[in-house]
Amino acid sequence: TAQSTWGIIIANILNFVKKMSYLEALNKEGGFDFGFYLRNKHLTEKGILPPRLQKTGTTIVGCLYNGGVVLAADTRATAGTTVVEKNCQKYHYLAPNIYCLGAGTAADCEMVTVQMAAELELMRLNTGKQSRVTTAVSKLSDKLFKHMGHIGAALIIGGHDVKGSHLVYLAPNGYHSFACFATMGSGSLAAGAILESKFKDDMTEQEAIDLCICLLYTSDAADDLLCVDLGGRRIIKKKKYI
């Protein structure tokens, strides 16, 4: 009985295939269609190449060295696959001893850091003491967490205070992590791979600068070298504060 049933099924399939051509079966039943292969091959032979993926990523990086922090960023601002600004300032002042880099929405990064810089200055005026990196990180993290990522400010904060040099990764949802090196932005995948392989403890200032510049040129953000601003870096050295 089972064999007869399978025989009927196979016979129906064969009849179905005979009634319908292969392309009709593809259109109705689905499957792979290589109908444009010859057309694409002909266009390629004529010199008309298919469109390629545009690399319009952005990258910000930071790393600790023996005596301070190096922050570096390209100057590109993008909207989708279009470069809309080639001279975008991505480093932001928070305090005389604290700076940060911003990725994400340029307006959000600008306004969040301006407000934080004002708050930290008021605290210094009231207390007469130097701003601490943990204070800035806590305030920024609380502000971003309240909005649950709707403020598109992804920050790398670097600074030096009485507790030493600090580098902090701060996500738009408020998550933060203290690290020896950090990178953010759509070009951060390539930069992160090089950071993990090339970073070492107790680097000199020049070694850290060279590493960060190298990261900008080797990341996806550096496909157009004119968009990389070598002057767009901030170096915060160790200083003595009373």
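In case you missed it, the structure is sitting above this.
Description of the structure in this document.

Conventions adopted
Residues numbered from 1 in each chain as written. Predicted model: local features only at pLDDT ≥ 70, side-chain atom pairs only at ≥ 80, totals over all residues. Heavy atoms only, no water. Phe/Tyr/Trp six-rings, centres within 6.5 Å; stacked < 30°, edge-to-face > 60°. Helix = DSSP H or I, 4+ residues; strand = E, 2+ residues; numbered from the N terminus. Expected span 1.5 Å × (residues − 1). Buried < 20%, exposed > 50% of the residue type's maximum accessible area, 1.4 Å probe, protein only. Arc of directions from axis to C-beta. Contact = heavy atoms within 4.5 Å. Salt bridge = Lys/Arg side-chain N within 4 Å of Asp/Glu carboxyl O.

## Focus on the packing of aromatic side chains
And step 1. Under the defined criterion, the tally for this structure stands at three aromatic pairs.
And step 2. Judged by centre distance (6.4 Å) and plane angle (65 degrees), the rings of Y169 and Y175 are edge-to-face.
And step 3. Note on F181 and F199: the rings are 5.1 Å apart at their centroids and 50 degrees apart in plane angle, and the pair reads as tilted. With a gap of 18 residues between them, F181 in strand 10 (residues 181-184) and F199 in the loop between helix 6 (188-198) and helix 7 (205-218) connect regions that are remote in the sequence.

## Observations regarding helix 5 (residues 133-146)
And step 1. When the terminal C-alpha atoms of helix 5 are compared, their 20 Å separation across 14 residues agrees well with the 20 Å that a helix rising 1.5 Å per residue should span.
And step 2. Every buried residue of helix 5 is listed here: V133, A136, V137, L140, S141 and L144. Projected down its long axis, helix 5 shows its buried positions confined to an angular sector of 125 degrees, all on one face.
And step 3. Buried residues in helix 5 make contact with strand 5 (91-95), strand 6 (98-104), helix 4 (106-127), strand 7 (153-161), strand 8 (164-170) and strand 9 (176-178).
And step 4. Just downstream of helix 5, M148 is the residue with a positive phi angle, here 50 degrees.

## Description of the pattern of salt bridges
Oppositely charged side chains can form a pair if their charged atoms are brought close together.
And step 1. Following the criterion strictly, the structure yields three salt bridges and no others.
And step 2. The residue K90 makes a salt bridge to D74 at a minimum N-O spacing of 2.6 Å. Of this pair, K90 sits in the loop between strand 4 (82-85) and strand 5 while D74 sits in the loop between strand 2 (68-73) and strand 3 (77-79), and the two are 16 residues apart along the sequence. For the residue pair K90 and D74, the accessibility class agrees, reading buried in each case.

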